[in-house]
Amino acid sequence: MSRVSRLIFSCQDMARLLSDAMDRTLPLHVRLRIRVHLLMCTLCERYKRQLTLLRDVLRADAAQLRDDGPAQSPCLSTEAKERIRRTLDSHRS
Amino acid sequence: MGDRGLSDSHSLVDAHGDFLYRFALLRVRSPDVAEDLVQETFLAAIQGTYRESGETAERRWMIGIMKHKIVDYFRRTAREPIQNPNQPEGQATDEGFLADGHWKPDPAAMHRWPDKPDKLLDQRQFWDSLAICLETLTPRAAQIFTLREVDEVETEKICELLRITQTNLSVILHRTRKQLRDCLSSRYFGETEESARS
C-alpha cells in the first residue's frame, strides 16, 4: 500500500466515520481527512447528506405527532384500553 | 373533571392510546411493557397540570411524559444484560462495498434525495416506506436507532441505559443508518424520482 493511500480513508471507512461524526466530535485530524475525502468523492458526500436528511426528518416535530402508522400497525387491544380506563377511573379523586 | 384543557380520561385513551402504545413499543419491544408505559403516562397526565389546549399540544405533552417513563424503565431494567458483546451485532458490515473499500455500484443509491425534510413531512407514502424500512431492522437495532435519532438521547446515556459499549453502539448505529438509507433509496426515492419525471 502506498503512503498516500494509507492517508486517505476508503469509502467503507467513511461510511462508519460519517455515522460516528453524527454522535460525537471526532479528533481534528480525522475531521480534516473526512473533509478531504468528501471533496473528492460525490458518493460519500451524498451518503452524508442522506444520513442528515434521515435524521432531520425523524427529529422534525411532525414525525412524532403523526397518528397513523401503516395499516397493520400495532394497536392497544380493546381489553387493554378498558384496563387502562378502569385504572384511570380508580385514580380519580 | 380534570384540569382545564385536558380531555377527560376516557377520550384521552381514545385519542392517544394507540399512538402512545406504538411509540412505546418501538422503544421497549414488549407489548406488556408498552401497555404499562401507556398507563403510567396517562396516570401522570391526569394527575399533572396541563394548561394548553388542542390535541397536538396535548399529544406533545404526553410524548414528553412518556419519554421520561421510558428512560425510567430502562434504568430499572439496566441490570439485565441485554446482549453479549461478542454477538455478530457488534461486527461491521462489508455489504455495499467492494474489496478495495469503494462503494459498490448500486443504482438505488444514485436516486436523488431532497436536501430539506420539509417536502417529505407531509407525504404519507414516505412515512409508510419509512415504517416498512424500520420493520426490517432487528428489534435491538430499531430500539437503539430510535433512542438516538428520534429521541435525541446522547450516546453515553444509551450505552449506560442498555449496557453496551461505545464501540458496539457505534457499529449498530452505522449499520442501521446504512440499512435504512439503502431501504429508503430503493423503496421510496427510486419510485418518486421516476414519477416526478413523467
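What counts as what
Residues numbered from 1 in each chain as written. Chains lettered and ligands numbered in written order. Predicted model: local features only at pLDDT ≥ 70, side-chain atom pairs only at ≥ 80, totals over all residues. Helix = DSSP H or I, 4+ residues; strand = E, 2+ residues; numbered from the N terminus. Buried ≥ 20, exposed ≤ 12 C-beta atoms within 10 Å, placed from the backbone. Contact = placed C-beta atoms within 7 Å. Nonpolar A, V, L, I, M, F, W, Y, C, P; charged D, E, K, R; others polar. Core = buried A, V, L, I, M, F, W, Y, C linked by C-beta atoms within 7 Å. pLDDT = per-residue confidence, 0-100.

Undergrad: Just checking my understanding: could you explain the overall build of chain A for this structure?
TA: Per the secondary structure count, chain A includes six helices and zero strands. Considering chain A as a whole, with its 93 residues, one finds that 22% of them fall into the buried category.

Undergrad: When you look at the interface of chain A and chain B in this model, what are you seeing that I'm missing?
TA: Many descriptions give the size of an interface as the accessible area lost when the pieces come together. Each partner contributes residues to the interface: chain A has 43 residues there, and chain B has 45 residues. The set of elements that each furnish at least two residues to the side of chain A that touches chain B consists of helix H2 (11-21), helix H4 (42-59), helix H5 (61-65) and helix H6 (78-90) of chain A. Top contributing element to the side of chain A that touches chain B by residue count: H4(A), with twelve residues. Across the side of chain A that touches chain B, the residue classes break down as 19 nonpolar, nine polar and 15 charged.

Undergrad: Looking at this structure, I do not really get the environment of Asp106(B). What am I missing?
TA: Residue and element names in this part refer to chain B. Considering the arrangement of structural elements, one finds aspartate 106 in the loop between helix H3 (55-77) and helix H4 (118-121). Take aspartate 106: there are 13 C-beta atoms within 10 Å of it, and that puts it in the partly exposed class. The sequence separation of aspartate 106 and glycine 96 amounts to ten residues, and the corresponding C-alpha distance is 8.0 Å.

Undergrad: Sorry, what's going on with the nonpolar core here?
TA: Soluble globular proteins tend to pack their nonpolar side chains together in the buried interior. Ranked by size, the top nonpolar core spans 33 residues in total, and within it Leu20(B), Ala24(B), Leu37(B) and Val38(B) carry the most contacts. Of all elements in the fold, only H6 of chain A together with helix H1 (9-28), helix H2 (31-47), H3, helix H6 (139-150), helix H7 (155-162) and helix H8 (166-197) of chain B reach the threshold of two or more residues within this core. Looking at which element gives the most residues to this core, the answer is H1(B), with ten residues. When neighbours within four sequence positions are excluded, Leu37(B) is seen to be in contact with Ala24(B), Val28(B), Met66(B), Lys69(B), Ile70(B) and Tyr73(B). By size, the runner-up hydrophobic cluster in this structure holds 20 residues, among which are Leu17(A), Ile34(A), Cys44(A) and Leu120(B).

Undergrad: Any chance you could explain the environment of Pro117(B) here in plain terms?
TA: Relative to the helices and strands, Pro117(B) is located in the loop between H3 and H4. Take Pro117(B): there are 19 C-beta atoms within 10 Å of it, and that puts it in the partly exposed class. In the structure, Pro117(B) is positioned 88 residues away from Arg29(B) in sequence and 28 Å away in space, judged by C-alpha atoms. In contact with Pro117(B), not counting residues within four places along its chain, are Leu53(A), Asp56(A), Val57(A) and Ala60(A).

Undergrad: Help me understand the confidence of the model for chain B, please; the structure alone is not making it clear to me.
TA: For residues with low pLDDT, the predicted coordinates do not support detailed interpretation. Residue and element names in this part refer to chain B. Considering every residue of chain B, the mean pLDDT works out to 81; 82% of them sit at 70 or more. Of all helices and strands in chain B, the one with the weakest mean pLDDT is H4 (78), whereas H2 scores best (92). Of the regions scoring below 50 in pLDDT, residues 193-198 engages in two contacts with residues more than four places distant in sequence or in other chains. Interface scoring of the predicted complex returns ipTM 0.80; its pTM is 0.77.

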